[in-house]
Amino acid sequence: MKLQVLVVVALAVTALLSACSSTGGSSAGTANGTTNAVAQANEDDPLICENYIPSGTRIARKVCIRQSEKDRIQEQAQTITQENQRRAVIGSPTGND
């Protein structure tokens, strides 16, 4: 009985270690290859990559998005800002009455 449990545990550990080592290398290579292929295939909408430092950390992260997506995000941010400014003016008290 103890021998069977030991064999099962050994097989499980071997399977986990082999799965971890094979997945890490192949997925990174595939992701980079896919990103490069997509960037080259669509020249009308280029892929823009920028270093971004999130608040609360000093470690920069590389963020890649399409130019059209970046334009859409900027347009949404402008619309939200204008809407908040409009609401602040309409909703604010008139003052010293």
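A short tour of the structure in this document, coming up. (Residues numbered from 1 in each chain as written. Predicted model: local features only at pLDDT ≥ 70, side-chain atom pairs only at ≥ 80, totals over all residues. Heavy atoms only, no water.)

### Describing the state of the cysteines
Heads up, the condition is: By disulfide we mean two sulfur atoms from cysteines, separated by a distance within 2.5 Å. Counting from the N terminus, the helices are DSSP H or I runs at least four residues long and the strands are E runs at least two residues long. Each residue's exposure class comes from its accessible area (1.4 Å probe, protein chains only) as a fraction of the maximum for that residue type: buried when under 20%, exposed when over 50%, partly exposed otherwise.
Counted according to the given criterion, the structure contains one disulfide. In this model, C49 is linked to C64 through a disulfide, with the two sulfur atoms separated by 2.1 Å. An S-S torsion of about 115° defines the bridge between C49 and C64 as right-handed. With C49 in strand 1 (residues 47-52) and C64 in strand 2 (residues 61-66), this pair connects stretches of sequence that are 15 residues apart. Among the residues examined, C49 registers a relative accessible area of 38% and is labelled partly exposed.

### With respect to the side chain of D45
Under the convention used in this document: Positive charges come from Lys and Arg alone, negative charges from Asp and Glu alone, with His and the N- and C-terminal ends not counted. By definition, a salt bridge exists where a carboxyl oxygen of Asp or Glu is found within 4 Å of a side-chain nitrogen of Lys or Arg. Pairs of N or O atoms within 3.5 Å make up the polar contacts considered here, provided that, within protein, one atom can donate a hydrogen while the other can accept it, and that residues adjacent in sequence are counted only when both atoms are side-chain atoms. A contact between two residues is defined here by any heavy atoms of the two lying within 4.5 Å.
Looking at the secondary structure, you find D45 in the loop between helix 1 (2-41) and strand 1. As a buried residue without a salt bridge, D45 has its nearest oppositely charged side chain in R66, at a separation of 4.8 Å. At 3.3 Å, the side chain of D45 and the backbone nitrogen of Q67 are in polar contact. Among the polar contacts listed, one links the side chain of D45 to the side chain of S68, at a separation of 2.7 Å. Those residues in contact with D45, other than ones at most four positions away along the chain, are R66, Q67 and S68.

### Focus: the pattern of salt bridges
According to the stated counting rule, one finds four salt bridges in the structure shown. We note a salt bridge from K70 to E50, for which the minimum N-O separation is 2.6 Å. Taken together, the residues K70 in helix 2 (residues 67-91) and E50 in strand 1 connect sequence positions 20 residues apart. Between R86 and E83 there is a salt bridge, with its nearest N and O atoms 2.5 Å apart. Here E83 and R86 lie together in helix 2, a separation of three residues that amounts to about one turn. For R86, a relative accessible area of 42% corresponds to the partly exposed category.

Structural measurements only, silent on function.
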